[in-house]
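# Results of the structural survey
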Amino acid sequence: MEVEKVMPASIGVDLVVDPILTEISRQDKTTVQLLRTALHKAERENPGFVQNFIAGVCEAEATGINVTEVILLMASLPCPEYEVNRPEPEFQVLSQRANHLKRILSRIPQEINNRSQFLQTIKGIAGAIKELLDSINELHRTYPDMERMKEYKRALDLQKRTFVKHSKVFSDTLKKYFRDSRTDDVFVSANRLINQTNTLLRLFRLASGSA
């Protein structure tokens, strides 16, 4: 796998579509594999495509399901694709902090209508982002030559900058929410931040040789 072409993380792909396709592949493995490949390609080239696809299906079927909200609620579920299985304490702290951030973000739909509770959640998110960035910096300082860390350094640095960018966008979205009360915008931004967190974990998983 080329470092620069690592598949971006997608909750819609990894926690919704892939498990469903795995289940139905028992009936028609070839067709399902073609569909999986096509959806992965579409998501790679247009991040967010799969989630929009799921939302379109639900809308067409008039299910009344808010897909963005449901996927956000699912975001803290365990997924092997994002597990960094290294014994070193620094890698374990990275995983713990990333999962902590995802858990707080996934609680937003349940807490957003309680202003005082939501304000505490926002403070928790800010602290969790800072701690995760501290862990990333510590790993770069401590294990620059481990496994494929040097090979993945450029991709990791780029993904860290992308994560910071989405953190700032999330912060701006929250400020806007307190003016216009558009909850869906908050859910979308939180999902994107979680996807960036998962992409970081996926890269560290590959770079550390735990994939």
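These numbers were taken from a predicted model, which means no experiment stands behind them.

In total, this model carries 9 salt bridges according to the counting rule given. For the salt bridge of E151 with R148, the shortest nitrogen-to-oxygen distance reads 2.8 Å. Its relative accessible area of 44% is what places E151 among the partly exposed residues. On the basis of relative accessibility, which here comes to 31%, the residue R148 falls in the partly exposed class.

It is worth spelling out helix α2 (residues 29-45) at this point. The end-to-end C-alpha distance of α2 is 24 Å, a good match for the 24 Å that 17 residues give at a rise of 1.5 Å each. Restricting attention to buried positions, one finds in α2 the residues V32, R36, L39, A42 and E43. Looking down the long axis of α2, one finds its buried residues gathered within 130° of arc, a one-sided arrangement. Away from the buried face of α2 by more than 90 degrees, exposed residues T30, L34 and E45 are located.

Bringing the packing of helix α7 (residues 115-142) against helix α8 (residues 153-180) into the picture now. Two elements in contact, α7 and α8, have axes separated by 12 Å at closest approach and are oriented at 170°. With respect to α8, the axis of α7 lies roughly antiparallel. Of α8, the residues touching α7 (which contributes R115, F118, L119, I122, I125, I129, L132, L133, I136, N137 and H140) are L156, D157, K160, F163, V164, S167, F170, L174, Y177 and F178. Of the residues belonging to the contact of α7 with α8, the class tally is 15 nonpolar, 3 polar and 3 charged.

Parameters and conventions
Residues numbered from 1 in each chain as written. Predicted model: local features only at pLDDT ≥ 70, side-chain atom pairs only at ≥ 80, totals over all residues. Heavy atoms only, no water. Salt bridge = Lys/Arg side-chain N within 4 Å of Asp/Glu carboxyl O. Buried < 20%, exposed > 50% of the residue type's maximum accessible area, 1.4 Å probe, protein only. Helix = DSSP H or I, 4+ residues; strand = E, 2+ residues; numbered from the N terminus. Expected span 1.5 Å × (residues − 1). Arc of directions from axis to C-beta. Axes fitted to C-alpha atoms, helices over the stretch in contact; angles between N-to-C directions. Parallel < 35°, antiparallel > 145°, perpendicular 65-115°, else oblique. Contact = heavy atoms within 4.5 Å. Nonpolar A, V, L, I, M, F, W, Y, C, P; charged D, E, K, R; others polar.

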